[in-house]
Amino acid sequence: METGPLVSVDWLAQRLGDPDLRVVDATWYMPAEQRPGLEEFRQGHIPGAVFFDIDLVSDRDTDLPHMLPPQAAFAAAASQLGLGPSHQIVVYDGQGIFSSPRVWWTLRVMGFDKVAVLDGGLKAWRAAGQPVETGDPAPTPVESAARLRPHLVRTLDDVRQALGDPDVQLLDARPAGRFLGEVPEPRPGLRGGHMPGACNLPWNAVVAPDGTLRSRDELQGAFAAAGVNLDRPIITTCGSGVSAAVLALALARVGVDQVPIYDGSWSEWGGRSDTPIVVGP
């Protein structure tokens, strides 16, 4: 079963129950919203889905939020969730498209090839009258593995180097007010502004009001309006590496696949005193 970065509700509904298919609920909210994704999963999820907690399946040796876990830790978590590299995996979230691309990207970073995002997420699934089930996840553990793909991840040092490379574009998914330093960051202790030379395309500009990803033509227009050249290297970034993955998914939809994400994003960059920051346009 081969598919692109997105699948439709109809596509998933027709294949639900296939032995090689795995469905993953990646619902996550900003900490200030105080909405635990697991609790919402228990209240209603796609039948057979497992819950992927991006805060739990992360690097436990850093203060930065939900950083990529070490390979061994990821493999252990994937095993317990019943996810193997040979499975066709469909990831969704409760908002439409917000946190699911982060898990889509994480799985790809760890060597999983057959991963897609459900376009419109649980909202679209419910709107189509498809069934949901309640209760706790009940995965059947499998043998799993991880194979890190470093070309899909960028570190602090990588981004420092990119600032000196006129060919590399930094694309920031945060809202314009935060990008310009006019609105405080939601996480305490972070400076406002953006990396020198970065472009800004807020993540919600690539998602339609119904929670689906915008069309290819609309996405190409949005990238062009943000000053992004799709023929040059791009690194996406955001507040903590979640909405940066929405832009990576949107780029994959227009044919620019394998775009790396700065995992630490503004939680790391804005929390340091030795990183250059621009405030204003």
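Residues numbered from 1 in each chain as written. Predicted model: local features only at pLDDT ≥ 70, side-chain atom pairs only at ≥ 80, totals over all residues. Heavy atoms only, no water.

**Student:** I'd like to hear about helix α4 (residues 100–109), residue by residue, with values.
**Tutor:** Most of α4 is tucked away, with 10 of its 10 residues classed as buried. Considered for burial, the residues of α4 that qualify are S100, P101, R102, V103, W104, W105, T106, L107, R108 and V109. Just downstream of α4 lies G111, where phi reads positive at about 95°. (Buried < 20%, exposed > 50% of the residue type's maximum accessible area, 1.4 Å probe, protein only. Helix = DSSP H or I, 4+ residues; strand = E, 2+ residues; numbered from the N terminus.)

**Student:** How would you explain the nonpolar core if you had to name every residue and give the values?
**Tutor:** Core analysis: the biggest nonpolar cluster contains 57 residues, and W105, F112, V206, L213 and F223 have the highest contact counts within it. At the level of elements, α3 (71–80), β4 (88–92), α4, β5 (115–118), α8 (216–225) and α9 (243–253) are the ones that each hand at least two residues to this core. Sort the elements by how many residues they give to this core and α9 lands first, with 9 residues. Apart from residues no more than four positions distant in its own chain, L213 is found in contact with L6, I97, D119, V206, V207, L219, L249, A250 and R253. Core analysis: the next-biggest nonpolar cluster, separate from the first, contains 17 residues, L21, A49, Y92 and L118 among them. (Core = buried A, V, L, I, M, F, W, Y, C linked by side-chain atoms within 4.5 Å. Contact = heavy atoms within 4.5 Å.)

**Student:** Describe the sheet that holds strand β1 (residues 6–7), and please don't skip the residues or the numbers.
**Tutor:** What links the strands of a sheet is backbone hydrogen bonding, and the strands pair in either a parallel or an antiparallel sense. The strand order β1-β5-β4-β2-β3 describes an open sheet built from 5 strands, whose pairing is parallel. Each edge of the open sheet is held by one strand with a lone partner, namely β1 and β3 (50–51). In this sheet, β4 lies alongside strand β2 (residues 21–25) in parallel orientation, the contact comprising 5 bridges. Directly across from R22, in β4, lies its bridge partner I89. Strands β2, β4 and β5 of the sheet are contacted by α4, whose axis makes an angle of about 175° with β5. (Pairing = 2+ DSSP bridges. Axes fitted to C-alpha atoms, helices over the stretch in contact; angles between N-to-C directions.)

**Student:** I'd like a description of the pattern of salt bridges, backed by residues and values.
**Tutor:** Evaluated as defined, the whole model comprises 13 salt bridges. With a closest N to O distance of 2.8 Å, R35 and E40 form a salt bridge. Classification of R35 as partly exposed rests on a relative accessible area of 39%. The partner of R174 in a salt bridge is E185, with the nearest N and O atoms 2.7 Å apart. In this pair, R174 sits in the loop between β7 (169–172) and α7 (176–179) while E185 sits in the loop between α7 and β8 (199–200), placing the two residues 11 residues apart along the sequence. Via salt bridges that share partners, D172, R174, R178 and E185 belong to a single interconnected network. (Salt bridge = Lys/Arg side-chain N within 4 Å of Asp/Glu carboxyl O.)

**Student:** How would you sum up the pairing of β5? Please name residues and give values.
**Tutor:** Every regular strand shows the same layout, with side chains that alternate between the two sheet faces. Alignment of β1 against β5, held across 2 bridges, turns out to be parallel. Bridged to L6 within β5 is V117. One ladder, built from 3 bridges, connects β4 with β5; its direction is parallel. Each bridged residue has a counterpart across the sheet, and for V90 the counterpart in β5 is A116. Tracing the backbone out of β4, into α4 and back to the parallel element β5 gives a crossover that is right-handed. (Right-handed = clockwise from strand over helix to strand, strands pointing away.)

**Student:** So what's going on with the packing of aromatic side chains? Residues and values would help.
**Tutor:** Here the structure, examined in full by the defined rule, presents 5 aromatic pairs. Judged by centre distance (5.7 Å) and plane angle (90°), the ring pair of F74 and F112 falls under edge-to-face. Of this pair, F74 sits in helix α3 while F112 sits in the loop between α4 and β5; the two residues are 38 residues apart in sequence, bridging distant segments of the chain. Take F112: its relative accessible area is 1%, and that puts it in the buried class. (Phe/Tyr/Trp six-rings, centres within 6.5 Å; stacked < 30°, edge-to-face > 60°.)

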